[in-house]
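Next come the chains, spelled out residue by residue.
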Amino acid sequence: MKFLRIQDELNFEKKRYELTKEIESSFVDAGFIQIKPDIFEEYDEITKVDKNISTKSMVKVISNKVMVLRPDITISLMKNLIPRWEDDLSLKLFYHSTVYKNKKDNDGIIQCRQFGCEYLGEPSIEADREVVNLAFNIFRKFTDKFLLEIGSGNYIDGFVEELNISEEKEREFKKLLYRKNKPELEVFANSLDIRPELKEVMLNLLTIRGTLEEVTEKAKKYFTNDRMKKGIQQLNTISTLISKEDLDKYTLFDLSMVSKLDYYDGIMMKGYFGNLYKEILSGGRYDQMTESFGRRVPAIGFTIYFDALMEAINR
């Protein structure tokens, strides 16, 4: 951000510092410990874990091997922690750091400030509830006009298993879902040689959102396999927290939800403020991703896009 007056810049930095302390206190009060991620990552390791990270956007550094400036903090932390994991260990961690990417025109580097938390070693629904509740509590510190969308990676991944399509087609499909692009999704569905009941699901996926009751009723109309049913059940389970805490008015359930970084395999969430059409928070459960670093460890967390949060608060 550019400022014409020095005092305007100092006022902005003061607000950013105060906001930083406010969020840090939320994590500390919830029992999370701060950790610092590495700034450099091996290019081959990053692309192996998540093929959806754009290689063009990565800021590359050439030494003895190709390195990149950290494009994702969760992957960086898992690379550090999972190889040293001990049985029965449980960790609640948070970070305040930066990810880096090239500008689309390759004219410079974008620094994206992020806060986030990771709850590792706890597979139970109680961990899911604690992390979702923490997201609600942080948002409520700043506004009562926000929305937390909740989905499940199991629903879409279960559907993809039935499609039996290539990895390239799967990435194309999920990008269309991420962008909520209904016209192109219809074209994509009609281009596939799939069973009629599967095409029906694909053509109606973007409508399976709303209250829990609405989502459940809509999903019943279409084909579901066991993994898709597991996704629906996860929404039902997490909804007990939301109803108990009177958070229904802040919540929208969405079975078509996918993330830009495609490594969530359980509960997923995205957060928005009413005055800004930008994603401010995203997260979910990603047990399967940890296997890329040597063993499967229960893991759930979320990221707050700090610059977007500052923008929303200052409007």
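If you're wondering where the values come from, they're calculated on a predicted model, not measured in any experiment.

## Examining the sheet that holds strand β5 (residues 91-102)
Stage number 1. On the basis of which strands lie adjacent, the open sheet formed by nine strands has the order β1-β5-β6-β12-β11-β10-β7-β9-β8 and mixed pairing. The open sheet terminates on both sides in strands that have one partner only, identified here as β1 (33-34) and β8 (209-210).
Stage number 2. Where strand β7 (residues 146-152) lies against strand β10 (residues 267-273), seven bridges are found, and the strand directions are antiparallel. Bridging across to β10, Gly 151 finds its partner in Met 268.

## Here we look at empty space enclosed by the protein
Stage number 1. Summed over the entire model, instances satisfying the criterion amount to two cavities of 30 Å³ or more.
Stage number 2. The space that makes up the largest cavity amounts to roughly 60 Å³.
Stage number 3. Looking at the largest cavity, the residues that line it are Gly 153, Ile 156, Asp 157, Lys 174, Met 257, Val 258, Ser 259, Asp 262, Tyr 264 and Met 268.
Stage number 4. Per-element tally for the lining of the largest cavity: the top contributor is helix α5 (residues 153-163), with three residues.

## Observations regarding the packing of aromatic side chains
Stage number 1. A complete count under the given rule lists 16 aromatic pairs for this structure.
Stage number 2. Each ring, one from Phe 27 and one from Phe 94, has its centre 5.2 Å from the other, and the planes form 15°; the classification is stacked. Highlighted residues: Phe 27 in helix α1 (residues 6-29) and Phe 94 in strand β5, separated in sequence by 67 residues. Side by side, Phe 27 and Phe 94 carry an identical accessibility label, which is buried.
Stage number 3. One aromatic cluster is present, formed by Phe 27, Phe 32, Phe 94, Phe 115, Tyr 119, Phe 302 and Phe 306 through successive ring pairs.
Stage number 4. Over the aromatic face of Tyr 119 sits the side chain of Lys 92, whose NZ or CZ is 5.5 Å from the ring centroid.
Stage number 5. Lying over the aromatic face of Phe 223, Arg 195 brings its terminal NZ or CZ to 5.6 Å of the ring centre.

## Considerations on the pairing of β10
Stage number 1. Extensive coverage of β10 is indicated by the burial of six of its seven residues.
Stage number 2. Direction of pairing for β10 relative to strand β11 (residues 281-285): antiparallel, over a ladder of four bridges. By the bridge assignment, Met 269 is partnered in β11 with Gly 283.

## Points about the packing of α5 against helix α6 (residues 167-178)
Stage number 1. Interaxial distance between α5 and α6 falls to 12 Å at its minimum, and their mutual angle equals 140°. Comparing the axis directions of α5 and α6 gives the class oblique. For the crossing formed where α5 meets α6, the hand is right-handed. Note on element contacts: α6 touches α5 through Glu 170, Phe 173, Lys 174 and Leu 177, opposite Ile 156, Asp 157, Phe 159, Val 160 and Leu 163.
Stage number 2. Here the contact of α5 with α6 is composed, by residue class, of six nonpolar, no polar and three charged.

Analysis parameters
Residues numbered from 1 in each chain as written. Predicted model: local features only at pLDDT ≥ 70, side-chain atom pairs only at ≥ 80, totals over all residues. Heavy atoms only, no water. Pairing = 2+ DSSP bridges. Helix = DSSP H or I, 4+ residues; strand = E, 2+ residues; numbered from the N terminus. 1 Å grid on protein atoms, 1.4 Å probe; cavity = no way out; pocket = protein on both sides within 12 Å on 5 of 7 lines; lining within 4 Å. Points joined across faces, edges and corners; volume = space filled by probe spheres on them. Phe/Tyr/Trp six-rings, centres within 6.5 Å; stacked < 30°, edge-to-face > 60°. Buried < 20%, exposed > 50% of the residue type's maximum accessible area, 1.4 Å probe, protein only. Lys NZ or Arg CZ within 6 Å of the ring centre and 35° of its normal. Axes fitted to C-alpha atoms, helices over the stretch in contact; angles between N-to-C directions. Parallel < 35°, antiparallel > 145°, perpendicular 65-115°, else oblique. Left-handed = near helix turned anticlockwise from the far one by under 90°. Contact = heavy atoms within 4.5 Å. Nonpolar A, V, L, I, M, F, W, Y, C, P; charged D, E, K, R; others polar.

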